[in-house]
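Chain residues, written in single-letter form:
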Amino acid sequence: MKNTYLPIRITDKNNAEALMKGCVMMPSLSELYLNLNIEDGALTKEDKSIRVFMMNQLYYDIEQDLFSFSEMEDKLDGDMAVIILHPAEFLSRVKQNVGMIFGNHITVGADEDGLYTGFANGIMMTPEYKDDYQAWKIEIGDISDIAMMLSMEALREKKLPESVYSEKIITRLKVTKQPKPGIVSQTFVIFSDFSKIEPTEEWIKRLQDILNDEKWIPITLCEPLSDGSITPILSFQHIDKVQRIIFYKEKMEIIQERKEDEELFLKLMQYILTQITSMILRFACVYRVRLSKITDDQAAYNRRNVFEHNVTINETQYHEYSVLEIARNYKMTIYETAVPERFWYWTEDISTLPNMNCNYTSVEQMRDFYRISFKHTEDMLTNMIEGENPYVYFCSL
């Protein structure tokens, strides 16, 4: 799977060497269309004046730790390639030099196709280059510290130097990876009397012994009470900043990221049932699910942005509450810029009924409920990510 990429410029040897010395040639869209024999009649004067620096992608598969080059890009003209190893720094240097030449009313952006210019704050073109569609020659200085040149033959044969796989470069690439569709968080809520647990050294020591991992950090939080006052409560946060355990007065929340954390959850439950409370009054599993990127057609259905669904499962055992919504996320690009994207997010809350005496007194009962709820969520998720419109599926429940 092509998770992310490094920008790459394919050209002849002379131009590749010039680029390594810092010469960035940015033709106008009008000139680019002319060179590609494309009619530019649909372009406005503003469009024609946009300067571009076209690049392709050297894809990186995070799971296989492997770079690859697509067959389509393999057919491009040019016997040399310049790989931009630090795209954000490359963009920064181009921005700085464009600003020095044309002032702060010209912006420079980047996407998968390369760099492009624009006009800041809606400012129109100034007279000195209003009808000038000649290429810009931007000199940014030697870029051998953030780029490398190699032959297309070496690229096709995947003979990349080890420096491409340096820790800094790979870390930078992994930051831009977007999560796949699937469960992105799991929250387990246990309703009982946890008032005796306080943020004291004694309780911290007890629970640290159970967690048995120095990556869990104790943090004191405050819980607002019904009378308007607040009270300190104990929580633990993992250094990954995702997993958390919070002890409120009448409930406990465990926020996890992976199903593999089940054993830690059950170990903690065993301790709670034997040392803290003898009965769980109510139990809930809440799953946050990321679905596919939405299309404009799908978005048109979702006028309110939220759809809710309530159902009682097996009439007396569990209650299911689901919410489907459009969430606006920001995707971090390889240029370290954030671009907005819309995704379907689905929240599934399966709990024992409020008016039902759960009488959960064993870890085995909790394990069964946990697995039933997780299986139910996975089954629904499978249907929704196999190509079915989430809105249509959700409304058919």
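In case you missed it, the structure is sitting above this.
Definitions and limits used
Residues numbered from 1 in each chain as written. Predicted model: local features only at pLDDT ≥ 70, side-chain atom pairs only at ≥ 80, totals over all residues. Heavy atoms only, no water. Pairing = 2+ DSSP bridges. Helix = DSSP H or I, 4+ residues; strand = E, 2+ residues; numbered from the N terminus. Axes fitted to C-alpha atoms, helices over the stretch in contact; angles between N-to-C directions. Contact = heavy atoms within 4.5 Å. Left-handed = near helix turned anticlockwise from the far one by under 90°. Nonpolar A, V, L, I, M, F, W, Y, C, P; charged D, E, K, R; others polar. Buried < 20%, exposed > 50% of the residue type's maximum accessible area, 1.4 Å probe, protein only.

S.K.: A description of the sheet that holds strand 6 (residues 80-84) should follow, citing residues and the corresponding values.
M.R.: One open sheet holds the five strands; their spatial order is 5-4-1-6-10, and the pairing between them is antiparallel. Of all strands in the sheet, those with a lone pairing partner are strand 5 (66-68) and strand 10 (147-151), marking the two edges. Neighbour-to-neighbour, the strand axes of the sheet open up by a mean angle of 30°, direction not taken into account. Taken together, the five bridges between strand 1 (residues 4-11) and strand 4 (residues 56-61) define a ladder with antiparallel strand orientation. Residue pairing in the sheet places Pro7 in a bridge with Gln57 of strand 4.

S.K.: Pulling in residues and values, what's your account of the side chain of Thr187?
M.R.: The topology assignment puts Thr187 in strand 11 (residues 182-191). In this structure Thr187 touches Ile254, Ile255, Ala284, Cys285 and Val286, once residues within four positions along its chain are discounted.

S.K.: Account for the packing of helix 9 (residues 262-276) against helix 11 (residues 363-384), with residues named and values stated.
M.R.: With their axes 10 Å apart at the nearest point, helix 9 and helix 11 run at an angle of 145° to one another. Where helix 9 crosses over helix 11, the handedness of that crossing is right-handed. Where helix 9 abuts helix 11, its residues Glu262, Glu263, Phe265, Leu266, Met269, Gln270 and Leu273 lie against Val363, Met366, Arg367, Tyr370 and Arg371. Here the residues of the contact of helix 9 with helix 11 sort into seven nonpolar, one polar and four charged.

S.K.: Could you give an account of unusual backbone geometry, naming the residues involved and the relevant values?
M.R.: As a rule of thumb, non-glycine residues mostly have phi less than zero, and peptide bonds are mostly trans rather than cis. Unlike most non-glycine residues, Lys158 shows phi in positive territory, near 60°. Considering the arrangement of structural elements, one finds Lys158 in the loop between helix 6 (152-156) and helix 7 (167-175). The phi torsion at Glu336 lies on the positive side, around 60°, for a residue other than glycine. Mapped onto the elements, Glu336 comes out in the loop between strand 18 (318-332) and strand 19 (338-352). Relative accessible area serves as the criterion here: at 48%, Glu336 is assigned to the partly exposed category.

Worth remembering: the numbers are spatial, not functional.
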